[in-house]
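Architecture at a glance
For reference, the chains in residue letters:
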Amino acid sequence: MTWLISGLMAFYALRFPRAKLHLRFFLMWVFRLPFWLWFLFWVGLQVLGAFVQASGLSAISAAAHLGGAAMGLALWGIWRQGRLAL
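In what follows, the accompanying structure is described. Bear in mind the structure is a predicted one, so any value in this text is a computation, not a measurement. (Residues numbered from 1 in each chain as written. Predicted model: local features only at pLDDT ≥ 70, side-chain atom pairs only at ≥ 80, totals over all residues. Heavy atoms only, no water.)

On a plain count of helices and strands, the chain comes out with 3 helices and 2 strands. Start at the N end of the chain and walk to the C end: the helices and strands fall as α-β-β-α-α. Judged by the C-alpha coordinates and their principal axes, the chain covers about 40 × 35 × 20 Å. By the burial criterion, 21% of the 86 residues in the chain qualify as buried. When contacts within the chain are restricted to residue pairs at least 6 apart in sequence, those whose partners lie at least 24 apart make up 41%. Surface summary for the chain: the accessible area is close to 6500 Å², and the carbon and sulfur share equals 73%. (Helix = DSSP H or I, 4+ residues; strand = E, 2+ residues; numbered from the N terminus. Buried < 20%, exposed > 50% of the residue type's maximum accessible area, 1.4 Å probe, protein only. Contact = heavy atoms within 4.5 Å. Areas by Shrake-Rupley, 256 points an atom, 1.4 Å probe, with all protein chains shown as cover.)

Right, dumping it as structure tokens:
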């Protein structure tokens, strides 16, 4: 099911490019950045995780996360062309 969440995150980042994500640490520091920037950071972590997984050091399927994000990107492209009604 993580591939589905990854796909939804990709679709959301592309559908709402001005959406902001707020992160608060220890009730003091607040980071407010565009969601697409956080999403790119997350994709970078997943690419790193895929290399770690390929070396046999991790059991987390980063490839599934990246595949889900790719599916979200594809569905966004189909939706943008008007062939997918939401």
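Along the chain, the position of H65 falls in helix α3 (residues 62-80). Residue H65 is classed as buried on the basis of its relative accessible area, which comes to 13%. In contact with H65, other than residues within four places in its own chain, are T2, S6, W42, Q46 and I60.

What follows deals with the packing of helix α1 (residues 2-15) against helix α2 (residues 35-54). α2 packs onto α1 with a crossing angle of 140 degrees between their chain directions and a minimal axis gap of 9 Å. As summarised for this structure, α1 and α2 are arranged oblique, according to the angle between their axes. At the point where α1 passes α2, the crossing takes the left-handed sense. Of the residues in α2, those touching α1 at S6, M9, A10, Y12 and A13 are F35, W36, F39 and W42. (Axes fitted to C-alpha atoms, helices over the stretch in contact; angles between N-to-C directions. Parallel < 35°, antiparallel > 145°, perpendicular 65-115°, else oblique. Left-handed = near helix turned anticlockwise from the far one by under 90°.)

We now examine the packing of α1 against α3. Packing of α1 against α3 leaves a shortest axis separation of 7 Å and a crossing angle of 40 degrees. With respect to their mutual orientation, α1 and α3 come out oblique. Where α1 crosses over α3, the two elements pack in a sense that is right-handed. The residues of α3 that touch α1, namely those facing T2, W3, S6, G7, A10, F11, L14 and R15, are A64, H65, G68, A69, G72, L73, L75, W76 and W79.

A few words on α3. With 19 residues, α3 ought to run about 27 Å at 1.5 Å a step, and its terminal C-alpha atoms sit 27 Å apart, in line with that. Here α3 has its buried residues at A62, H65, G68, A69, G72 and W76. In a view along the axis of α3, the buried residues occupy a sector of 120 degrees, so they form one face of it. At its buried positions, α3 is contacted by α1 and α2. G82 lies just past α3 and shows a positive phi near 90 degrees. (Expected span 1.5 Å × (residues − 1). Arc of directions from axis to C-beta.)

Any functional reading would require information that these geometric values do not contain.
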